[in-house]
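The residues making up each chain are set out below.
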Amino acid sequence: MLRRQFLASAAIAAVASAAPVKFALAATPEDQFVIATNMTTMRGVDPHEANQIESCEILANLYDRLVYFEPDNLAEPKPQIATSWEVSADGKTFTFKIRDGVQFHSGNPLTAKDAEWSLHRLVKLGLSPAIDLRQWGFDETNVETLIRATDPQTLVIETPEVWNHSLILASLASSGCSIVDRELALSKEQNGDMGRNFMQAADAGSGPFSLRSFRPNDLLMADAFKDYWNGTPAMRRVIMRHMPESSVQRLQLEAGDVDVATRLSSTDLAKFESAGNVAIQKVPGFGFYYIALNQKDDILSRPQVREAFRYLIDYDGLSKSIMRYYGVMRQTIIPTGLPGVVDEAPYKLDVEKAKALLAEAGLADGFAKTCYLPSGTPYFEFAQSLQANAAKAGIKLDLQVGDYLGKFRERTTDIYFARSGERLPDPHSILQSYASNSDNSDDAPLSGLLAWRSAWDVPKDMQDQVLAAARETDATRRAEIYSGLNKEYLHCSPALVTSFERIDVKAVGKRVSGYTGHPTWVTRWDTVTKA
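In short, a report on the structure. Within each chain, residues carry numbers counting from 1 in the order of the written sequence. Under the rules for a predicted model, residues below a pLDDT of 70 receive no local features and side-chain atom pairs below 80 are neither given nor counted, while totals for whole chains, interfaces and linings still include all residues. As a rule here, side-chain values come from all non-hydrogen atoms in the structure, and water together with hydrogens is ignored.

Quick look at the layout of surface pockets
The rolling of a water-molecule-sized probe over the atoms marks out the regions of remaining empty space. Short version of the rule: Grid points spaced at 1 Å and placed over the protein atoms alone form the basis of the search, with a cavity being a set where a 1.4 Å probe fits but cannot get out and a pocket an open set showing protein on both sides within 12 Å along at least five of seven lines. Lining residues have an atom within 4 Å of a point. Grid points are joined across faces, edges and corners, and a volume is the space filled by probe spheres set on the points. We count a stretch as a helix when DSSP gives it H or I for four or more residues in a row; a strand needs E for two or more, and each element gets its number in order from the N terminus. Asp, Glu, Lys and Arg are counted as charged, while Ala, Val, Leu, Ile, Met, Phe, Trp, Tyr, Cys and Pro are counted as nonpolar; the rest, among them Gly, fall into the polar class.
As a volume, the second largest pocket reaches approximately 580 Å³. Together, 32 residues line the second largest pocket, and Leu74, Ala75, Leu338, Pro339 and Pro425 are the ones closest to its centre. If you list the elements that add at least two residues to the lining of the second largest pocket, you get strand 4 (73-79), helix 5 (165-172), strand 13 (278-293), helix 17 (475-490) and strand 18 (496-509). Looking at the lining of the second largest pocket residue by residue, the classes come out as 19 nonpolar, eight polar and five charged.

The structure is reproduced here in structure tokens:
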């Protein structure tokens, strides 16, 4: 049965010893799957608008895409709604054959026309997920010509320029390229919004689950779609519950009231790992924990100051404590397993070196700045460590915890500490964000790029190399370009200081099988069974 194609092995660590965590007799039903998560940043469930990690997991189950990747094989796209595809000799035209007999949850048949309209909608709405196609040159002026259904089962996608074909296929596997029920969405259209208002809390998909209800910052319920083309899921219902506090998630997992906890503190994770009563999944993510230094600031824009921050991070201490579960120390910007990865790590905590750099910058007496960061683990603990080390060097950091992402996007933060995550399993997605900024003006439409948000005028040669690698079709040459870029970034005193490669941690109850965290956030539920 094809529905088993989404199963893949995951690196799951669970060891026994120490004081055991004892589970109560309460347990979730055998045909229901309950996930504890933080829904604070979830604004809705429109696949062409939502792009948070929690939203992407939901969308991966309400909708299908043309292609997908197994969690443990991100180099080989597999058929989903497209049964096959061909790439033209010039590398610009992709022809997809659409699976016959697929139904949307509404009962409407899924055809190439729905795929065409969905990708048009993504580009025309122009919201955050639109980067999946807009980065390759698609826009509202050309998308209707370049993406077209030639018959009910054939979709043609013609790129404006030649790009490495793997980048195009990887983009089409993202949650942003989900296929929407055109007829249903247009029937709910208001003032030309293409169904956007309707789809904030309703689905128009063909995935293995259909949305039953969604209450922001509270609850999401999805029911198995019995007519799913790849087989009816074993779980009759999946429930996501809003539990932002680690202690609450831990208690619910201990009691058996939830099957998965996704936002546990390092302390709670350590307790579960020691007890051996749950499986700890450490899912690699395509992103980094970063310190963004606003380059519009006269002090933070000095290269010596940027370099000094490299020496104020306690890499070893954090690796052994709060970052044990949340990251792998990496000072470069290409994650493990991707072309161009470099294992160099020349920096270590060195307050005296930082002080010398500040003196070289004319700041021997130090300075004071505000550091903004999200709430929750491990952000605050990491920032406290940075704050303490910075104080020893004469830098006073005022930590402000909360939802300051909008302020960062407006380029008005002094220092912003957070983590990035990309849905495209390729070095380009990270380098485009960290090392590309073609227009550093405040009104440039580049708010999706971390370099732009930091107001960093990235060296032109570096930006040219980012584009050259994306266009390169030879895999060996492409890896060489990325390796060079990686080393150049490491040694150029960047405005975005990386420290740890992102890891997403899930604590999974022992009754659960088949729940495998996906590095690009499209974790599936139709593979889940329970004992």
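Having seen the model, we can carry on.
Remarks on the sheet that holds strand 6 (residues 93-98)
Rules: By the convention used here, strands pair only if DSSP detects at least 2 bridges between them. Here the axes come from fitting lines to C-alpha atoms, over the contacting stretch only for helices, and the angles between their N-to-C directions go from 0 to 180 degrees. Only heavy atoms enter the contact rule, under which two residues are in contact if any of them lie within 4.5 Å.
Ordered in space as 5-6-8-7, the four strands form an open sheet in which the pairing is antiparallel. Each edge of the sheet is formed by a strand with only one pairing partner; in this case those strands are strand 5 (82-87) and strand 7 (147-151). Neighbour-to-neighbour, the strand axes of the sheet open up by a mean angle of 25°, direction not taken into account. Bridge analysis of strand 7 against strand 8 (residues 154-158) gives four bridges, and the strand direction is antiparallel. Across the sheet, the residue bridging to Arg148 is Val156, located in strand 8. The strands that helix 2 (residues 112-125) touches are strand 6, strand 7 and strand 8; relative to strand 7, the one it contacts most, it runs at about 170°. Lying on the sheet, helix 5 is in contact with strand 5, strand 6 and strand 8; it crosses strand 6 at an angle near 40°.

Here we look at the packing of aromatic side chains
For any two aromatic rings, the description comes down to two numbers: the centre-to-centre distance and the angle of the planes. To be explicit about the condition: Centre distance within 6.5 Å is the pairing criterion for rings of Phe, Tyr and Trp, where only the six-membered ring of Trp is used; planes under 30 degrees apart are then read as stacked, over 60 as edge-to-face, and the remainder as tilted. For the exposure calls, accessible area comes from a 1.4 Å probe over protein chains only, and a residue counts as buried if that area is under 20% of its type's maximum, exposed if over 50%, partly exposed in between. Geometrically, a charge over a ring is one whose NZ (Lys) or CZ (Arg) sits within 6 Å of the ring centre while staying within 35 degrees of the ring normal.
Overall, the coordinates contain 18 aromatic pairs when judged by the stated rule. Centroid distance Tyr379 to Phe417: 6.1 Å. Interplanar angle 75°. Geometry classified as edge-to-face. In this pair, Tyr379 sits in helix 12 (residues 379-392) while Phe417 sits in strand 17 (residues 415-419), placing the two residues 38 residues apart along the sequence. In terms of burial, Tyr379 and Phe417 fall into one category: buried. A connected cluster of aromatic rings, assembled from ring pairs, spans Phe288, Tyr290, Phe408, Tyr416, Tyr434, Trp456 and Tyr489. Taking NZ or CZ as reference, Arg411 lies 4.5 Å from the ring centre of Trp452, over its face.

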